Amino acid sequence: MVEFTDYFNREVTPSTEYTRTSFKDSSDYPKQEEFIISAKDRKYDRQYFSMYQYRFKNLKERIIGNAIQKWGDGTKRVNGQTIVKQDKILDITSGKLCWVVGTVFCDLKDKLNIFQDVEKGIDDVLPLVPDSYVGDDENSMTTMLEDESGRAILHNEEFLSKNILVTGCIVGVLGIEISAGIFEIMDIVYPEASPQKPLTLKASEGKGKVAIVSGLNLEEGVDADLKLELLKQYVTGSLGSSEDSKTASSVCRLIIAGDSVKPIKEMSDRSNRDFVTTNNYGSKNISQYNPESLVKFDEFLREILVSLPVSVMPGNNDMGEICLPQQPLHKSLFHSNARYLNGEYLERLTNPYWFNFGELRVLGTSGQNVHDILKYLSKNTTAAPELILKIMESHIKWQNFIPTAPDTLYCYPFDNSDPFTLVDETPHVYFVGNQQQYASEVYTYASTTTGNSGSVRLVSVPRFSETGELVLLDLDTLETEVVQISL
Amino acid sequence: MTMSASQSEVEYLASTLIKNEQPVTYQSLSRELGVHVNHAKLVLSEFYEKNKDKLTASFVITGRNSNRTLIKLSRNEETLENDVAQFDRVTTIHIYCVHSKQVIFSNNEIAFEELKHPIDSSKTEIYIKNGLIKGPTVKEVEKSTLPIPTPTKTSATRPPASVPTSTAAKPAKSAGITSSYVSRKQAANDKKVNTLSNYTSRKEESKRKPVEQASSGYQYKSRKLDTKTPKERVIVSNHGPDDDVEAEDDFVPTSKSASKKGDLEKLFEDEFSDFEDDSVLDNAEPIAVDDNIVNEVEKLEVNDETASQTSPQITSRQQSTEPESLPEKEEEEEITQEVDEDGYIVTSKKARPSAKAKATSGKKTQTNLMSFFGKK
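Position numbers for residues count from 1 along each chain, tracking the sequence in the order it is written. Whichever chain is written first becomes A and whichever ligand is written first becomes 1, with later ones labelled in order. The predicted origin of the model limits local features to residues at a pLDDT of at least 70 and limits the giving and counting of side-chain atom pairs to 80 or more, whereas totals for whole chains, interfaces and linings rest on all residues. The basis for every side-chain value is the complete set of heavy atoms in the structure, and neither hydrogens nor water enter the calculation.

- For chain B, an unreviewed UniProt entry supplies the name DNA polymerase delta subunit 3 and the organism Scheffersomyces stipitis.

- Per an unreviewed UniProt entry, chain A goes by the name DNA-directed DNA polymerase and belongs to Scheffersomyces stipitis.
- UniProt positions are given in the numbering used here, feature names are shortened, and annotations may be inferred rather than shown by experiment. Word for word, the UniProt comment on chain A under Subcellular location (unreviewed entry) is "Nucleus".

Some points on the pairing of strand S3 (residues 68-74) of chain B
Working step 1: Accessibility here uses a 1.4 Å probe with only protein chains present; expressed as a share of the type maximum, an area under 20% marks a residue as buried, one over 50% as exposed, and anything in between as partly exposed. Helix numbering and strand numbering both begin at the N terminus, where a helix is a DSSP run of H or I of at least 4 residues and a strand a DSSP run of E of at least 2. Buried residues dominate S3 of chain B, accounting for seven of its seven residues.
Working step 2: Of the two faces of S3 of chain B, the one carrying Arg-68, Leu-70, Lys-72 and Ser-74 of chain B and the one carrying Thr-69, Ile-71 and Leu-73 of chain B are both buried.
Working step 3: Two strands qualify as a pair provided that DSSP identifies no fewer than 2 bridges between them. Where strand S19 (residues 480-486) of chain A meets S3 of chain B, five bridges bridge the pair, whose relative direction is parallel. Residue pairing in the sheet places Gln-484 of chain A in a bridge with Leu-70 of chain B of S3 of chain B.
Working step 4: Of the pairings in the sheet, the one linking strand S2 (residues 55-65) of chain B to S3 of chain B comprises seven bridges and is antiparallel in character.

A look at the sheet that holds strand S11 (residues 310-313) of chain A
Working step 1: The ten strands are arranged S12(A)-S11(A)-S10(A)-S9(A)-S18(A)-S19(A)-S3(B)-S2(B)-S4(B)-S1(B) in an open sheet whose pairing can be described as mixed. In the strand order of this sheet, the two ends are held by strand S12 (346-348) of chain A together with strand S1 (24-25) of chain B, each with one partner.
Working step 2: Where strand S10 (residues 251-257) of chain A and S11 of chain A come together, four bridges link them in parallel fashion. Bridge pairing links Leu-254 of chain A to Val-310 of chain A in S11 of chain A.

A short note on a nonpolar patch on the surface
Working step 1: Residues qualify for a patch when their relative accessible area is over 30% and they have no salt bridge, like charges being joined within 9 Å and the nonpolar side chains of Val, Leu, Ile, Met, Phe, Trp and Tyr within 5 Å. Here, Shrake-Rupley sampling with a 1.4 Å probe gives the accessible areas, and only protein chains in the shown set may cover a residue. Here, a salt bridge means any Lys or Arg side-chain nitrogen found within 4 Å of an Asp or Glu carboxyl oxygen. On the surface, a cluster of nonpolar side chains totalling about 330 Å² of accessible area is made up of Ile-114, Phe-115 and Val-118 of chain A.
Working step 2: With respect to the helices and strands, the residue Phe-115 of chain A is situated in helix H2 (residues 114-120).

Comments concerning unusual backbone geometry
Residues and elements named next belong to chain A.
Working step 1: Leu-324 connects to Pro-325 through a cis peptide bond whose omega is -10 degrees.
Working step 2: The residue Pro-325 is located in the loop between S11 and S12 in this model.
Working step 3: Omega for the bond connecting Asn-351 with Pro-352 falls within 30 degrees of zero, at -5 degrees, which places this linkage in the cis form.
Working step 4: Structurally, Pro-352 can be placed in the loop between S12 and strand S13 (353-357).
Working step 5: The phi dihedral of Asn-156 falls on the positive side, at around 145 degrees, and the residue is not glycine.
Working step 6: The buried category is assigned to Asn-156, whose relative accessible area is 19%.
Working step 7: Notably, Asn-217 is not glycine yet its phi reads approximately 45 degrees, a positive angle.
Working step 8: Tracing the backbone through its elements, the reader meets Asn-217 in the loop between strand S9 (209-213) and helix H4 (226-236).

Laid out in structure tokens, this is it:
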């Protein structure tokens, strides 16, 4: 047993200098602009229908391909019944085994409902988003499948509890209509996955690592968080031994995935939410943000930016708009770092964002999409890391990573497009920020039609303020590693 | 330990730690004295070893725990053993912060102490020499193109002042009749400038001095700027106009809204010009419709008949509007309105100016009224 004093000041030598691995990708990647909506194009006078329609059209074909492969149309028999394809939900005939493609709709008791608000006359107040959409009576929850012709209630509790289905996903279901309007679901088919960019992983390439951190939750006041200080010192290389500095120097970029500042406390507790009315000019309309914490965030970045390029994504609690995709934070918030703003050194990104590291495609969100789906699940479910990974896996299966927008997540009304649908590309790495715990796994999928298979590295990035954890993603091997700072 | 601290380092540590009882972290020591962070760690731990009776230290342990890299801060030497037990493999243990045993510092306070030594981005070279990882070169924005933040400028140029002004202007407008009157006068004024150069120039002359005097009466304008702006606005940062080019480019204001805004502004301007006119009328020589001037105007019109812009109808209306406004102004001139610190409009009657006004223009107004009614 080595006495711990032997470790004192081991490898602490005042001579070594480290140069950071820098990874610069000059190739043009149009998807980086995917979620940017220019100010003059921000028109809110459109209907969301067009977005749903686009999603349905795009994914339907891809589902039919997979479904034909799996179930066939009048070619396969199960238990003496022939499986037939129905084009429309309305065409389903009672007692006959068939499959049909449609959009899932979940009717939950506590979902926000604009009609109720209008009825009560409170539609000018931004409603408080509930912690769960499921009401007290969990049996009141109904999952339906709909298309332009009609709706059918999906029935089979066991199946539905195993397979997550939320509003907005497009799926193909196999089953029998057992009574009028009720469809007993037996199997499910997801859309054909979009192709992945060919990627060759070479461990020796030395692209370095990216550090992903989320939920810094900087606060105002003198209560500075020592963890943040240690984080700064770690990523800039002054903390620990030469070995630690060496690891830190392999980090080529820090991605901050949302929730960098904490909203004012009283605001979240306040039962009287009058201040969020559409009356933006009244005395009751108080800012949710403390400018001090924004200044602190700016200062925090300044300490890091001397050594490490940073990308900042807005999150739910940041000073951005409520609608997804969230646009980059305003440059005024990075006042003391203005000199870094013009290059790639300090990137202000959208949420979600498609990162591009050479051939590697990384899709990241600040976590709202996962949090929202958790609200669809039974109240007793805890946000265990396995569940988070299952939700993320579902995102890839559905080929849509924010299906609940625009139903329960505020969203910009896209005209005949849906950037949240994986139309032409599946990422290699997909991360979500602001989760309770770190989790990571590789999700491998096989395409039935083309025989292509792919794998997506899923990473759930925890809130730093609660866990003190940041995630290092190796760009060469796609391995992830957690660095925990503990007090 | 072979490392020996230099004289100045020991002096600094002794004075900060023992005399002033302030905490010292390896980072603050490195930044304060411009030494390598690892050198600072060694010096600090050496100093701590020698003064263990007076000082207490916290440590940083780095290493691995199951599948993660763990960085653990250990409160003091007693907790160190327990903390080390959490590790599967320890990379290093080094001193983090040293402070006097007499004073207990919370983690927050130590973090706050760290914040007292912010990085100075102009000295990056020194930091790199002292253990900071050298980052990729920054494509710096040229200093000259960088907008210089001037928080004072905002208070002066930004329109926050216009918000209170509008409230101040409101009561005058509230009469309802005045608003229509305003626009008519405005139109008349414009015409005057164009055509009747003689006449207007005289008015301008007489206007100038009183306006300056009168401005002292409108103290609320400046007070607002001083007291209100800093209270209500915390300017996180202020970028110059060029910095927002991107955003401004995107917003192409429609000419319609621009003209609307222009109209609005005019409205307020006019409200003020109204006041100014009052003060002019208070102190200045009688300028309103004297028979001479009317004659003069008429003469000019005759001369200017070729000028297409002025039609006789307009000028005649102008004549009638002038006197019409007078009685109203008389009422207003005795009342001063100020916006106090709470944003309330305080209306008070001023005795002195009104007396003055009576002394100078008492008779004049009477004649004006007479001439007004007489004409009709």
